[in-house]
Amino acid sequence: MTLRARILGAAAGGGLPQWNCGCENCRLARAGRIPAQTQSSLAVSADGTNWAILNASPDIRQQLADTPALHPTGLRDVPLRSVLVTNGDIDHVAGLLVLREMQGFTLFATSGIHAVLRTNPVFDALNPTVVTRTDIALETPFELAAGLEATLFPVPGKVPLYMEGETVETDLIGEQTVGVHLRAGGRDAFYVPGCATMTDDLRARLRGADLVFFDGTLWRDDEMVRAGLGQKTGKRMGHMSMSGPDGSIAAFEGMDVGTRVFVHMNNTNPVLRPDSAERREAEAAGWTIGRDGMEIVP
């Protein structure tokens, strides 16, 4: 068994280019001058035959088409065994509606996230006679796909945008935002596409990992405000920034992580430009900037 991880989508919600955005990155991506990226998703396998998808993005149809390892092997035989969602954000669950064609797989999530899905009857399009919804308790190992063990753990975050009330807590700890610890072939990998802050518990958990995929939404906290694209900071959206004393680059210093990869990057993030100073700074700090189709074997 060998742990394999393939980034299906490296961008945050909206992708790159985002359909209604004329920022520098989106203009460059439309012109083919920097790579376009689809929305946040990761495929993982321990044997190269049985695969699981972490987060079902709205772009999942294109992502599956672009990934030969996930193509059908028969009339209705596919290598996809399960889908796991780490929160209820639209960019992580909307793709479930694309997977409604009477195809069997297991849908894993915490009971809290499953409760969110149950409140919206549109997700009943996933026929329960073929799609099994399984509640996963935090800190409880389970088989995600053949030979691939997973454990869910709480990560500071917030409820999905469509569930926000007048008061928004951006660093909730519980079942609404989780990370995934993956084990196969003696290797440990972590998938944390959303994180509001680095806690002591999270730092201790990630220390010594062979591979970490981590939230790379924004380069700086006020990035979207400076760009004139909104009034929300990264912290308000429940995401750490890459740079600064409270950012993820600083948080990972001295953590002894083998390979660290940024995923879930917003269309405004300058690291998406291969020639940017920010990209060079992140890479100099030991980070890989994730991209669609990138496959890593730790």
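Up top you'll find the structure we're talking about.
Residues numbered from 1 in each chain as written. Predicted model: local features only at pLDDT ≥ 70, side-chain atom pairs only at ≥ 80, totals over all residues. Heavy atoms only, no water.

Engineer: I keep staring at the nonpolar core and nothing clicks. Help me out?
Structural biologist: When a protein is soluble and globular, its nonpolar side chains tend to lie buried together. Leu144, Phe213 and Phe214 are the most contacted members of the largest nonpolar core, which has 63 residues in total. Each residue touching Phe213, except ones within four places of it in the same chain, is listed here: Ala5, Ile7, Leu42, Phe190, Tyr191, Val192, Val261, Val263 and Ile296. Ala43, Ala56, Val83 and Val93 belong to the second largest nonpolar core, which has 22 residues in total. (Core = buried A, V, L, I, M, F, W, Y, C linked by side-chain atoms within 4.5 Å. Buried < 20%, exposed > 50% of the residue type's maximum accessible area, 1.4 Å probe, protein only. Contact = heavy atoms within 4.5 Å.)

Engineer: Would you take a moment to explain the sheet that holds strand β4 (residues 80-84) for this structure?
Structural biologist: Across a sheet, paired strands are connected by hydrogen bonds in the backbone, their directions being either parallel or antiparallel. What the 7 strands build is an open sheet, ordered β6-β5-β4-β3-β2-β1-β14; its pairing is mixed. Strand pairing shows two members of the sheet lacking a second neighbour, β6 (131-135) and β14 (295-296), which therefore form its edges. (Pairing = 2+ DSSP bridges. Helix = DSSP H or I, 4+ residues; strand = E, 2+ residues; numbered from the N terminus.)

Engineer: Sorry, what's going on with the packing of aromatic side chains here?
Structural biologist: Given two aromatic rings, their pairing is described by the distance between the two centres and the angle made by the two planes. Tallying each qualifying case throughout the model produces 6 aromatic pairs. For the ring pair Phe108 and Phe142, a centre distance of 4.9 Å and an interplane angle of 50° mean the geometry is tilted. Residue Phe108 is located in strand β5 (residues 105-109), and its partner Phe142 is located in strand β7 (residues 142-145); the two are separated by 34 residues in the primary sequence. Under the relative-accessibility criterion, Phe108 is labelled buried at 9%. Ring geometry for Phe214 versus Phe252: centroids 5.0 Å apart, planes at 75°, classification edge-to-face. Of this pair, Phe214 sits in strand β11 (residues 211-215) while Phe252 sits in the loop between α7 (248-251) and β12 (259-263), placing them 38 residues apart in sequence. Using a relative accessible area of 0% as the deciding quantity, one classes Phe214 as buried. Of the residues examined, Phe252 reaches a relative accessible area of 0% and is grouped as buried. Among the aromatic residues, those joined into a ring-pair cluster are Phe214, Phe252, Phe262 and Trp287. Over the ring of Trp287 we find Arg260; its NZ or CZ atom is 5.8 Å from the centre of that ring. (Phe/Tyr/Trp six-rings, centres within 6.5 Å; stacked < 30°, edge-to-face > 60°. Lys NZ or Arg CZ within 6 Å of the ring centre and 35° of its normal.)

Engineer: Help me understand the sheet that holds strand β8 (residues 148-154), please; the structure alone is not making it clear to me.
Structural biologist: Strand order in this open sheet of 7 strands is β7-β8-β9-β10-β11-β12-β13, and the pairing throughout is mixed. The sheet is open, and its two borders are formed by β7 and β13 (287-289), each paired with just one other strand. Taken pair by pair, the neighbouring strands of this sheet meet at an average axis angle of 30°, ignoring direction. Pairing of strand β9 (residues 178-184) with strand β10 (residues 187-192) involves 5 bridges; the strand directions are antiparallel. Residue pairing in the sheet places Arg183 in a bridge with Asp188 of β10. (Axes fitted to C-alpha atoms, helices over the stretch in contact; angles between N-to-C directions.)

Engineer: Please clarify how the side chain of Thr110 should be interpreted in this entry.
Structural biologist: Within the element layout of this structure, Thr110 appears in the loop between β5 and α4 (111-118). Using a relative accessible area of 0% as the deciding quantity, one classes Thr110 as buried. Here Glu175 takes part through its backbone oxygen, which lies 2.9 Å from a polar atom of the side chain of Thr110. Non-local contacts of Thr110, meaning those with residues more than four positions away in its chain, are made with Asp135, Ile136, Leu138, Leu152, Glu175 and Val178. (Polar contact = N/O pair within 3.5 Å; in protein donor to acceptor, adjacent residues only side chain to side chain.)

Engineer: For this particular structure, what's the right way to read the pairing of β11?
Structural biologist: The two faces of the sheet receive side chains in turn, since in a regular strand these alternate between them. Burial analysis of β11 places 5 of its 5 residues in the buried class, the great majority of the element. Taken together, the 4 bridges between β10 and β11 define a ladder with parallel strand orientation. If you follow Ala189 over to β11, its bridge partner there is Leu211. For the handedness criterion, the β-α-β arrangement of β10, helix α5 (residues 200-206) and β11 is classed as right-handed. Sheet topology note: the β11/β12 ladder contains 5 bridges and is parallel. Counted as the bridge partner of Phe213 is Val261 from β12. (Right-handed = clockwise from strand over helix to strand, strands pointing away.)

Engineer: Is there a simple way to think about the pattern of salt bridges in this case?
Structural biologist: When charged atoms on two side chains of opposite charge get close, those side chains can pair. The final tally for this structure, using the stated rule, is 13 salt bridges. Here Glu164 makes a salt bridge to Arg236, at a shortest N to O gap of 2.8 Å. Taken together, the positions of Glu164 in the loop between β8 and β9 and Arg236 in the loop between α6 (223-226) and α7 put the pair 72 residues apart, joining distant regions of the chain. Here Asp222 makes a salt bridge to Arg220, at a shortest N to O gap of 2.8 Å. Under the relative-accessibility criterion, Arg220 is labelled partly exposed at 35%. Connected through shared salt-bridge partners, Arg4, Arg6 and Glu295 make up one network. (Salt bridge = Lys/Arg side-chain N within 4 Å of Asp/Glu carboxyl O.)

Engineer: Where do I start with α4 in this structure?
Structural biologist: In an α-helix, one turn spans 3.6 residues, which is why side chains three or four residues apart end up on the same side. The set of residues buried in α4 consists of Gly112, Ile113, His114, Val116 and Leu117. Looking at the packing, one finds that the buried side of α4 touches α3 (90-93), β5 and β6.

Engineer: Would you mind showing me how to read a nonpolar patch on the surface here?
Structural biologist: Residues Ile90, Tyr162 and Met163 make up a contiguous nonpolar surface patch of about 310 Å² in total accessible area. If you trace the backbone, Met163 turns up in the loop between β8 and β9. (Patch = residues over 30% accessible without salt bridge, like charges linked within 9 Å, V, L, I, M, F, W, Y side chains within 5 Å. Areas by Shrake-Rupley, 256 points an atom, 1.4 Å probe, with all protein chains shown as cover.)

Engineer: When you look at unusual backbone geometry in this model, what are you seeing that I'm missing?
Structural biologist: Negative phi is the rule for most residues except glycine; trans is the rule for most peptide bonds. Looking along the chain, the bond that leaves Leu16 and enters Pro17 is cis, with omega of 0°. Of note, the phi angle at Glu139 is positive, near 65°, even though the residue is not glycine. Residue placement: Glu139 occurs in the loop between β6 and β7. Its identity as a non-glycine residue notwithstanding, His264 has a phi of 60°, on the positive side. Relative to the assigned elements, His264 resides in the loop between β12 and α8 (277-284).

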